[in-house]
Amino acid sequence: MLAYNICFIRRSDEILLLNRNKPSWMGRWNGVGGKVENGETPRASVLREVYEETGIRLDTVRFKGIVTWLVDGRHYGGMYLYTAAELEAAYPYETPIKTEEGILDWKKIDWILDPNNEGVASNLPRFIPLMLQEDGCYDHHCLFMNGAMTGVVSRPIAAATETDAALLAGAREKAELTP
């Protein structure tokens, strides 16, 4: 099982992001989420984390894959990736909102994906397009060396990877072989 989860909530051409005030990605905009607690399923965990961080109670989320990383060739980690059903354009959620975790705000998708934007988590623009445009699930494997992202490889994975330990282990094996 992976230790973390992340969710992206869309409203029209915006995504609700959190500018984190703690590592990792401190000072950068990213999705909402957190740790999977002992005995919790990844899906239950992300629903809990979204509510705790935003006050938005989601009934369901869609599993979109995993985001994994290898740091300096030896430290592997990962998180389950989810999207929420798109909220109506008139959904009443005024931002910015200061929270214990950071600042929540709606950000335009074009702004998130702008190649000159250094205010978002560096891997975000690399997997957001697939997450929003494709029906499938992916392992977005991020490589970091000496504190900088050196690449992202996105591979299709089965939707059952969310709950199947053997599929998750297979994704990890493939990711660790990535140069």
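The rules we used
Starting from 1, residues in each chain are numbered consecutively following that chain's sequence as written. In keeping with the model being predicted, local features are shown solely for residues with a pLDDT of at least 70 and side-chain atom pairs are shown and tallied solely at 80 or more, while totals for entire chains, interfaces and linings include all residues. Side-chain numbers come from the whole structure's heavy atoms, not from hydrogens or water. Runs of E in the DSSP output that reach at least two residues are strands. Runs of H or I that reach at least four are helices, and both are numbered from the N terminus. Radius of gyration: C-alpha atoms only; globule rule: 2.2 Å multiplied by the number of residues to the exponent 0.38. Throughout this description, buried means an accessible area under 20% of the type-specific maximum (1.4 Å probe, protein chains only), exposed means over 50%, and partly exposed covers the range between. Throughout, a residue-residue contact means that at least one pair of heavy atoms, one from each residue, lies within 4.5 Å. Strands are treated as partners if at least two bridges between them are detected by DSSP. Classification of ring pairs uses Phe, Tyr and Trp, with its six-membered ring standing for Trp, and accepts pairs whose centres are within 6.5 Å; under 30 degrees between planes counts as stacked, over 60 as edge-to-face, and the remaining range as tilted. Here, a charge over a ring means that NZ of Lys or CZ of Arg falls within 6 Å of the ring centre while also lying within 35 degrees of the ring normal. Grid spacing is 1 Å over the protein atoms alone, the probe is 1.4 Å, and a cavity is where that probe fits but cannot get out, while a pocket is an open set with protein on both sides within 12 Å along at least five of seven lines and lining residues have an atom within 4 Å of a point. Grid points are joined across faces, edges and corners, and a volume is the space filled by probe spheres set on the points. Side-chain classes are defined by residue name, with Ala, Val, Leu, Ile, Met, Phe, Trp, Tyr, Cys and Pro counting as nonpolar, Asp, Glu, Lys and Arg as charged, and the others, Gly among them, as polar. A helix is expected to span 1.5 Å multiplied by its residue count minus one. Note that the arc is defined by the directions from the helix axis to the C-beta atoms. By the criterion applied in these results, polar contacts are pairs of N or O atoms within 3.5 Å in which, for protein atoms, one can donate a hydrogen and the other can accept it, and in which residues neighboring in sequence qualify only through two side-chain atoms.

Caption draft 1: Main features of the overall build of the protein chain. Along the protein chain, the regular secondary structure elements total 4 helices and 10 strands. Secondary structure of the protein chain in N-to-C order comes out as β-β-β-β-α-β-β-β-β-α-α-β-β-α. The C-alpha radius of gyration of the protein chain comes to 15 Å, within 12% of the 16 Å expected for a compact globule of 179 residues. Taken along the three principal axes of its C-alpha coordinates, the protein chain extends 45 × 35 × 30 Å. For the protein chain, the residues scored as buried account for 47% of the 179 residues in total. Across the protein chain, every contact between residues at least 6 apart in sequence was considered, and the portion connecting residues at least 24 apart equals 62%.

Caption draft 2: How the structure looks around the pairing of strand β2 (residues 14–20). Of all 7 residues in β2, 7 are buried; the element is thus mostly enclosed. Where burial is concerned, the two faces of β2 agree: the one with E14, L16, L18 and R20 and the one with I15, L17 and N19 are both buried. Here 3 bridges tie strand β1 (residues 4–11) to β2, and the two strands are oriented antiparallel to one another. Looking at β2, one finds that R11 is bridged to E14. Connecting β1 to the next strand, β2, in antiparallel fashion are 2 residues, including S12 with a positive phi near 60°. Bridge count between β2 and strand β8 (residues 102–108): 7 bridges; the pairing is antiparallel. By the bridge assignment, L16 is partnered in β8 with W106. The sheet contact formed by β2 and strand β3 (residues 29–30) spans 2 bridges and is antiparallel. Looking across to β3, one finds that L18 is bridged to N30.

Caption draft 3: Spatial organisation of the packing of aromatic side chains. Applying the stated criterion across every chain yields a total of 4 aromatic pairs. Over the aromatic face of W29 sits the side chain of K107, whose NZ or CZ is 4.4 Å from the ring centroid.

Caption draft 4: Quick look at the layout of surface pockets. The calculated volume of the largest pocket comes to roughly 610 Å³. For the largest pocket, the lining is made up of 23 residues, of which Y4, R20, P23, S24 and W25 are closest to its centre. For the lining of the largest pocket, the secondary-structure elements that each account for two or more residues are β1, β4 (32–35), α1 (42–54) and β5 (61–71). Split into classes, the residues belonging to the lining of the largest pocket amount to 8 nonpolar, 9 polar and 6 charged.

Caption draft 5: View of helix α4 (residues 165–176). The first and last C-alpha atoms of α4 sit 16 Å apart over 12 residues, in line with the 16 Å expected at 1.5 Å per residue. Buried within α4 are the following residues: L168, A171 and A175. Down the axis of α4, the buried side of the element spans an arc of 60°, and every buried residue falls inside it. Turned more than 90 degrees from where α4 packs its buried face, A166, E173 and K174 sit exposed. Elements that come into contact with the buried residues of α4 comprise β5, β6 (75–84), β9 (137–145) and β10 (148–157). The N-cap residue of α4 is D164: its side-chain oxygen and the backbone nitrogen of A166 are 2.9 Å apart.

Caption draft 6: Representation of helix α3 (residues 124–133). Turning to α3, its buried residues number three or more, namely L124, F127, I128 and M131. Taken around the axis of α3, the buried residues stretch over an arc of 115°, which confines them to a single face.

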